[in-house]
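# A closer look at the structure
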Amino acid sequence: MNIAEYFESVKDRLLTDSVVVDFKFLKRVDRSNNGHLRVRIFFSDNSKMEFSEFIEQNTEGEIRLVTYSYHWADTNGNLICRWDNAPHYPHLENFPHHIHVSETNITSGKPVNIFEVLDEVALIINK
């Protein structure tokens, strides 16, 4: 899979995900060995997510997610959850991966991608 194919797989998921009502690509940079994607998603419960992924492709053709941020907010813009790997919580296990459960409650996370985050959002919305 190359960068363009990865971006198309994200688009396909957004087009077919039952909790996604609409989405907009805010930025799409597709180079031969790296890319950046920024998207705003609107969900069926009126919440929204803005996410950013910077990916690289190595010489073997493997895609690697370098940096990510998935910011999920309610209809009033209040944080529901944010997954990211910005290197600002070095004391947490699995640094730099972490989750903002609230603005003041940050927990250790694991590496995630947009597909896993959408799965988690769907579970919560469909409860």
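Everything numeric in this text was worked out from a predicted model, so none of it was measured. Residue indices begin from 1 for each chain and proceed along its sequence in written order. Reporting of local features is limited, given that this is a predicted model, to residues whose pLDDT is at least 70; pairs of side-chain atoms are given and counted only at 80 or more, and all residues count toward the totals for whole chains, interfaces and linings. Values reported for side chains reflect all heavy atoms of the structure, with hydrogen atoms and water molecules removed beforehand.

### Remarks on the overall build of the protein chain
Helix and strand counts for the protein chain come out as two helices and seven strands. Strands are runs of DSSP state E lasting at least 2 residues, helices are runs of H or I lasting at least 4, and numbering of each runs from the N terminus. Seen in sequence order, the protein chain has helices and strands lined up from the N terminus as α-β-β-β-β-β-β-β-α. Values of the radius of gyration come from C-alpha atoms, whereas the globule rule sets the reference at 2.2 Å times the count of residues to the power 0.38. Over its C-alpha atoms the protein chain spans a radius of gyration of 15 Å, differing by no more than 12% from the 14 Å that the globule rule assigns to 127 residues. C-alpha atoms of the protein chain, sized along the principal axes, occupy 40 × 40 × 20 Å. In what follows, residue pairs with any heavy atoms lying within 4.5 Å of each other are defined as contacts. Across the protein chain, contacts joining residues at least 24 apart in sequence account for 35% of those joining residues at least 6 apart. With an accessible surface of roughly 7,200 Å², the protein chain has 50% of that area assigned to carbon and sulfur atoms. Neither His nor the chain ends contribute to the count of charged residues, in which Lys and Arg are positive and Asp and Glu negative. By convention, charge coordinates are those of NZ in Lys, CZ in Arg, CG in Asp, or CD in Glu. With 13 positive and 19 negative side-chain charges, the protein chain shows a spacing of 6 Å between the two charge centroids. Residue-level accessible areas treat just the shown protein chains as cover; the underlying method is Shrake-Rupley with a 1.4 Å probe.

### Section: the nonpolar core
For soluble globular proteins, nonpolar side chains are generally found buried alongside one another. If you look at the biggest cluster of nonpolar residues, it comprises 28 residues, and the most contacted ones within it are Ile 41, Phe 43, Met 49, Phe 51, Tyr 70, Trp 83 and Ile 114. Within the residue set of this core, elements represented by two or more residues are helix H1 (3-16), strand S1 (20-30), strand S2 (34-43), strand S3 (48-57), strand S4 (63-73), strand S5 (79-84) and helix H2 (114-125). Not counting chain neighbours up to four residues away, the residues in contact with Ile 114 comprise Tyr 6, Val 10, Ile 41, Met 49, Phe 51, Glu 53 and Tyr 70. Residues belong to a common nonpolar core when they are buried Ala, Val, Leu, Ile, Met, Phe, Trp, Tyr or Cys residues joined through side-chain atoms within 4.5 Å. Relative accessibility under 20% of the residue-type maximum defines a buried residue, over 50% an exposed one, and the middle range a partly exposed one, all with a 1.4 Å probe and only protein chains included.

### Examining unusual backbone geometry
Each neighbour pair has its own omega, and for Phe 95 with Pro 96 the value is 10°, a cis peptide bond. A positive phi is found at Asn 46, a non-glycine position, where the angle reads about 75°. With respect to the helices, strands and loops of the structure, Asn 46 is situated in the loop between S2 and S3. Non-glycine residue Asn 94 carries a positive phi angle of around 65°. Along the chain, Asn 94 falls in the loop between S5 and strand S6 (98-100).

### A short note on the pattern of salt bridges
Opposite charge on two side chains makes pairing possible when the charged atoms of those side chains draw close. Salt bridges are counted wherever a side-chain nitrogen of Lys or Arg sits within 4 Å of a carboxyl oxygen of Asp or Glu. Counted under the stated rule, the structure contains seven salt bridges. Residues Arg 40 and Glu 50 are paired through a salt bridge, measuring 2.8 Å at the closest nitrogen-oxygen approach. One end of the pair, Arg 40, is in strand S2; the other, Glu 50, is in strand S3, and 10 residues separate them in sequence. Looking at Arg 40, the relative accessible area reads 29%, which means it is partly exposed. Residue Arg 64 pairs with Glu 56 through a salt bridge whose shortest N-O separation is 2.9 Å. Given the relative accessible area of 47%, Arg 64 is considered partly exposed.

### Things to note about the sheet that holds strand S7 (residues 106-108)
Strands pair in a sheet through their backbones, by hydrogen bonds, and they do so in one of two ways: parallel or antiparallel. One open sheet holds the seven strands; their spatial order is S1-S2-S3-S4-S5-S6-S7, and the pairing between them is antiparallel. This sheet does not close on itself; its edge strands, each paired only once, are S1 and S7. Each adjacent strand pair in this sheet contributes to an overall mean axis angle of 15°, direction not counted. By the bridge criterion, nine bridges tie S1 to S2 in an arrangement that is antiparallel. Bridge pairing in S2 places Lys 27 opposite Arg 38. A fitted line through C-alpha atoms serves as each axis, taken over the contacting stretch for helices, and the angle formed by two N-to-C directions is quoted from 0 to 180°. Of the strands in this sheet, S1, S2, S3 and S4 touch H1, which is tilted by about 170° from S1. Only strands that DSSP links by at least two bridges are regarded as paired with each other.

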